[in-house]
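Residue-level structural notes
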Amino acid sequence: MTAIRGAAAITGAASGIGRALAIELAGRGCDLALADRDEAGLKSLAAEIGGERKVSVHRVDVGEASDIAQFATDAIAAHPVLSIVVNNAGVALLGTFEEIDQAQMKWLFDINFWGVVHGTRAFLPHLKTQAEAHIVNLSSIFGIIAPPGQSAYAAAKFAVRGFSESVRHELAVAGSPVKLSVVHPGGVATAIARSSRTGVGVTDNARRSQMIERFETAAKTTPKDAALRIIRGIERNEPRILIGNDARFMDLLQRFRPGTYWAPLQRRLEKMAKGN
């Protein structure tokens, strides 16, 4: 069991799962180092948490390795007992592989994959000095299945999964006090779809609207419930944290049909879209 105590660093903290996680961890006695590009959102969150916990806010672009390195330095200086790091920040990109260009794919990878790698690297030396510590890396259910139209996002989230599993095994072999969990949320009611970018080759605006509508219809899990599930996973040292019945279903489906899961899953999604 990992105790929720000390301080936690969270990227992408101004909204969605990151914001909910900050609030729940604060309620359990954690001080917080909160990072995001949205400074106004961070200040609003800090005000909501109030003065009972020590909260530091840091403007960070996780797509920039130097920003993450500085965040780690500043967060550890502000919170010497920091023992939980949540690499949560992420973005989305709509379009098939042929509709997105290489620059857009790099933009997404710099945030969704390299942001996780740089965050893990920047904080790990400090975490190893603690009696117990925990790294939480956000993948996605699209790090387990790969739908059409999500080639960049799925590739990055699969990479987060592989990176996290290998590092977790390395830490275990070394007898490290640092545990590592990788999180695979299904549909969580956040703004990620509405704030997504569109591939340069996508000329049909109706597709974007349809994608947002489908996501918001299917996203049944609240950010608070996602945060509570992550906290339970930290406490139990769970290596893989699935969030939502949809994620659990899709995980099972790909286990039974690893190469052919998409056809039955597409039929199920079409029925859901029709309200059946």
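Worth saying up front: this structure is predicted, and the values here are computed from it rather than measured.

Conventions used here
Residues numbered from 1 in each chain as written. Predicted model: local features only at pLDDT ≥ 70, side-chain atom pairs only at ≥ 80, totals over all residues. Heavy atoms only, no water. Buried < 20%, exposed > 50% of the residue type's maximum accessible area, 1.4 Å probe, protein only. Helix = DSSP H or I, 4+ residues; strand = E, 2+ residues; numbered from the N terminus. Pairing = 2+ DSSP bridges. Right-handed = clockwise from strand over helix to strand, strands pointing away. Axes fitted to C-alpha atoms, helices over the stretch in contact; angles between N-to-C directions. Parallel < 35°, antiparallel > 145°, perpendicular 65-115°, else oblique. Contact = heavy atoms within 4.5 Å. Nonpolar A, V, L, I, M, F, W, Y, C, P; charged D, E, K, R; others polar. Expected span 1.5 Å × (residues − 1). Arc of directions from axis to C-beta. Left-handed = near helix turned anticlockwise from the far one by under 90°.

Burial runs high along strand S2 (residues 31-36): 6 of the 6 residues are buried. Here S2 shows two buried faces, one formed by Asp31, Ala33 and Ala35 and the other by Leu32, Leu34 and Asp36. Bridge count for strand S1 (residues 7-11) against S2 is 5 bridges, and the pairing is parallel. Counterpart to alanine 7 in the pairing with S2 is aspartate 31. Viewed along the sheet, the connection from S1 through helix H1 (residues 16-27) into S2 turns out right-handed. Both S2 and strand S3 (residues 55-59) contribute to a ladder of 5 bridges, which runs parallel. Of the residues in S3, the one forming a bridge with leucine 32 is valine 55. Handedness of the crossover joining S2 and S3 through helix H2 (residues 39-49): right-handed.

Running from amino to carboxyl end, helix H5 (residues 114-127) crosses helix H6 (residues 151-173) at an angle of 25°, the nearest separation of the two axes being 10 Å. Here H5 lies roughly parallel to H6, going by the angle between them. Of H6, the residues touching H5 (which contributes Val116, Val117, Thr120 and Leu124) are Val160, Phe163 and Leu171. Its residues placed into classes, the contact of H5 with H6 shows 6 nonpolar, 1 polar and no charged.

If you check helix H3 (residues 65-78), its first and last C-alpha atoms are 20 Å apart, about what 14 residues at 1.5 Å a residue would give, namely 20 Å. Residues Ile68, Phe71, Ala72, Ala75 and Ala78 constitute the buried set of H3. Around the axis of H3, the buried residues are gathered within 140° of arc, so they sit on the same side. Opposite the buried face of H3, by more than 90 degrees, sit the exposed residues Ser66 and Ala77. On its buried face, H3 is in contact with S1, S2, S3, strand S4 (82-87) and H5.

With that settled, consider the sheet that holds strand S7 (residues 178-185). The sheet built from 7 strands is open, its strands ordered S3-S2-S1-S4-S6-S7-S9 with parallel pairing. Two strands lie at the open edges of the sheet, namely S3 and strand S9 (240-243), each paired on one side alone. Direction aside, the axes of adjacent strands within the sheet are offset by 15° on average. Here H1 sits on the sheet in contact with S1, S2, S4 and S7, set at roughly 170° to S1. Across the face of the sheet, H6 comes into contact with strand S6 (133-138), S7 and S9 while running at roughly 160° to S7.

On to the packing of helix H4 (residues 102-112) against H6, then. Where H4 contacts H6, the axes come no closer than 10 Å and their chain directions differ by 30°. In terms of their interaxial angle, H4 and H6 are classed as roughly parallel. Considering the relative orientation of H4 and H6, their crossing is right-handed. For the pair formed by H4 and H6, the contact residues are Met105, Leu108, Phe109 and Asn112 on the first element and Ser151, Ala152, Tyr153, Ala155, Ala156, Lys157 and Val160 on the second. Class assignment for the residues of the contact of H4 with H6 results in 8 nonpolar, 2 polar and 1 charged.

Don't take any of this as a statement about function, it's just geometry.
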